[in-house]
Amino acid sequence: MTVTRRKQIVWWLRGAALAALLAYLPGYLSSRSGGLVEVERLLNHPVLLLGSAVVLLVLSMVIRFEFRTRWAQIGFAAVLSPLIVIGIAIGSLSYVLGGDGRLVARKPGPDRPDHVLTVTDIAFSIDPIYRVELLTGTGWSARHWSLGTWEENDGFLKAEWTGPGRIAVTAEHETRVYTVDGDGRPAGPEVTRR
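Fair warning: this is a prediction, and the values are worked out from it, not measured in the lab. (Residues numbered from 1 in each chain as written. Predicted model: local features only at pLDDT ≥ 70, side-chain atom pairs only at ≥ 80, totals over all residues. Heavy atoms only, no water.)

1. A look at the pairing of strand 3 (residues 129-136)
The side chains of a regular strand alternate between both faces of the sheet. The element strand 3 is extensively covered by neighbouring structure, given that six of its eight residues are classed as buried. Sheet analysis places strand 2 (residues 115-121) next to strand 3, joined by seven bridges and oriented antiparallel. Among the inter-strand pairings, Val116 is bridged to a residue of strand 3, identified as Leu135. The sheet contact formed by strand 3 and strand 4 (residues 143-151) spans eight bridges and is antiparallel. Bridging from a neighbouring strand, Leu135 pairs with His144 of strand 4. In this antiparallel pair of consecutive strands, strand 3 and strand 4, the connection spans six residues, and Gly137 shows a positive phi of 90°. (Buried < 20%, exposed > 50% of the residue type's maximum accessible area, 1.4 Å probe, protein only. Helix = DSSP H or I, 4+ residues; strand = E, 2+ residues; numbered from the N terminus. Pairing = 2+ DSSP bridges.)

2. Digging into the sheet that holds strand 5 (residues 156-163)
Spatial strand order, 5-6-7-8: four strands in an open sheet with antiparallel pairing. The open sheet has two edge strands with one neighbour each: strand 5 and strand 8 (186-193). Taken over all neighbouring pairs, the strand axes of this sheet differ in orientation by 20° on average, direction set aside. Pairing between strand 5 and strand 6 (residues 166-171): six bridges, direction antiparallel. Bridge pairing links Ala159 to Val169 in strand 6. (Axes fitted to C-alpha atoms, helices over the stretch in contact; angles between N-to-C directions.)

3. Details of the packing of helix 1 (residues 3-30) against helix 3 (residues 46-64)
At a minimum axis distance of 8 Å, the contact between helix 1 and helix 3 shows a crossing angle of 165°. Relative to helix 3, the element helix 1 is oriented roughly antiparallel. As for the relative orientation of helix 1 and helix 3, their crossing is left-handed in sense. Residue-level contacts link Arg6, Ile9, Val10, Leu13, Arg14, Ala16, Ala17, Ala20, Leu21, Ala23 and Tyr24 of helix 1 to Pro46, Leu49, Leu50, Ala53, Leu56, Leu57, Leu59, Ser60, Met61, Ile63 and Arg64 of helix 3. For the contact of helix 1 with helix 3, a count of residues per class yields 18 nonpolar, one polar and three charged. (Parallel < 35°, antiparallel > 145°, perpendicular 65-115°, else oblique. Left-handed = near helix turned anticlockwise from the far one by under 90°. Contact = heavy atoms within 4.5 Å. Nonpolar A, V, L, I, M, F, W, Y, C, P; charged D, E, K, R; others polar.)

4. Focus: helix 3
In an α-helix there are 3.6 residues to a turn, and that puts residues three or four apart on one side. Helix length check: helix 3, at 19 residues, gives a terminal C-alpha distance of 26 Å against a target of 27 Å (1.5 Å per residue), a fit within 8%. Within helix 3, the full set of buried residues consists of Leu49, Ala53, Leu56, Ser60 and Val62. (Expected span 1.5 Å × (residues − 1).)

5. Some points on the nonpolar core
Formed by 17 residues in total, the largest nonpolar core has its most connected members in Val132, Phe156, Ile167 and Val169. Those elements giving two or more residues to this core turn out to be strand 2, strand 3, strand 4, strand 5, strand 6 and strand 7 (174-180). Listed in part, the five residues of the second largest apolar core include Leu13, Ala17, Ala20 and Ala53. (Core = buried A, V, L, I, M, F, W, Y, C linked by side-chain atoms within 4.5 Å.)

6. Notes on the pattern of salt bridges
Considering all chains together, one arrives at seven salt bridges under this definition. A salt bridge links Asp114 to Arg112; the shortest N-O distance between them is 3.0 Å. With a relative accessible area of 23%, Asp114 lands in the partly exposed category. The shortest N-O distance in the salt bridge between Lys158 and Glu160 comes to 3.4 Å. Lys158 sits in the partly exposed class, given a relative accessible area of 38%. Each member of the salt-bridge network shares a partner with another, and the members are Glu174, Arg176 and Arg193. (Salt bridge = Lys/Arg side-chain N within 4 Å of Asp/Glu carboxyl O.)

It is worth stressing that arrangement in space is one thing and function is another; only the former is reported here.
Okay, here's the thing in structure tokens:
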């Protein structure tokens, strides 16, 4: 392979790595409260996109160097082989254990069907971790608003609509009441000890 051709391939691989990184950024930003649901669903995949960027960068560095001697080739294979095995293991585990969690409850608002209260178990283990969110809008303009995350020892009991534009999240020791604005943004919470 000529030096010019090798440099072209290296820059194409680095450009692809940058594209994977830039594709991940909107997904990461949409994962925050108030972010777009569809953008997060499509682009918030850090293991896939960031892992691809790292693999492409490593591949570009490998192609950049020329390993002429047998010892250089053996040494390179000895270093790269464990990295490949670790990368495949991490990718497989993230695929098996990844995802958005298990949906526990989905309740549309009493006055607005485009306002939906969701409770999701996001734990990777047996002990549940409940994430409560308000989804507002439909299609590509749908947004999600975080109302909180409760672990098992927090004593999460339920999340429900208590009236038009009012959500109550009940735990063993407190009740949080959120008021939903006309545009779908939750305000509050008003915390009441039990």
